[in-house]
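Working through the structure, step by step
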Amino acid sequence: NLSYDEKIRLVGRYTDRLKRKIHKLLESNSQKQRTIIERQHTQSMLTSVKKQYLQVKQGYEEAKEIGLRYSLELTEARLEAAEAARQSKQLQLQLQSSYSEMNHLKKQQ
C-alpha cells in the first residue's frame, strides 16, 4: 500500500512522462507539417518551371517555323532574282542583236 506522498510522486512522474511524450509528438507533428509545406513548395516550383519550359519550347518551335518560312521565302526570292537576271540578259542580247542588225542594214543602204 502506497502512501499519499508516494502516490503523488508517481502521478507526477507519470505526468512528466506524458508531457515529454506529448512534446515529442508535437515536435514530430511540426516537423511533418514543415516537410509537407516544403514538398508543396517544391511541387509548386516544379510546376512553375515546367510551365516556363513549355512556354520557351513553344517559342523556340515558333521561331524555328518562322526561320524555315524565312529561309523558304529567301530561296524563292533568290530564284526569282536569278530568273529576272536571266531574262534581262536575254533581252540585252536581243537588243544588241537588233542594234547590230540595224547597223548592218544602214551600212547596206
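Residues numbered from 1 in each chain as written. Predicted model: local features only at pLDDT ≥ 70, side-chain atom pairs only at ≥ 80, totals over all residues. Heavy atoms only, no water.

Now for the pattern of salt bridges. Inspection of every chain in the model, using the stated rule, returns two salt bridges. Residue Glu65 pairs with Arg69 through a salt bridge whose shortest N-O separation is 3.3 Å. Residue Glu65 and its partner Arg69 are both found in helix α1 (residues 4-108); the two are separated by four residues, about one turn of the helix. Judged by relative accessible area, which is 48%, Glu65 ranks as partly exposed. Residue classification places Arg69 among the partly exposed positions, given a relative accessible area of 43%. (Salt bridge = Lys/Arg side-chain N within 4 Å of Asp/Glu carboxyl O. Helix = DSSP H or I, 4+ residues; strand = E, 2+ residues; numbered from the N terminus. Buried < 20%, exposed > 50% of the residue type's maximum accessible area, 1.4 Å probe, protein only.)

Bringing a positive patch on the surface into the picture now. On the surface, a cluster of positive charge is made up of Arg9, Arg13, Arg17, Arg20, Lys21 and Lys24. Here Arg20 is to be found in helix α1. (Patch = residues over 30% accessible without salt bridge, like charges linked within 9 Å, V, L, I, M, F, W, Y side chains within 5 Å. Areas by Shrake-Rupley, 256 points an atom, 1.4 Å probe, with all protein chains shown as cover. Lys, Arg positive; Asp, Glu negative; His and termini not counted. Charge placed at Lys NZ, Arg CZ, Asp CG, Glu CD.)

Among the secondary structure elements, Leu10 is positioned in helix α1. On the accessibility criterion, Leu10 (40% relative accessible area) is partly exposed. For the pair Leu10 and Thr35, spaced 25 residues apart in sequence, the C-alpha to C-alpha distance is 37 Å.

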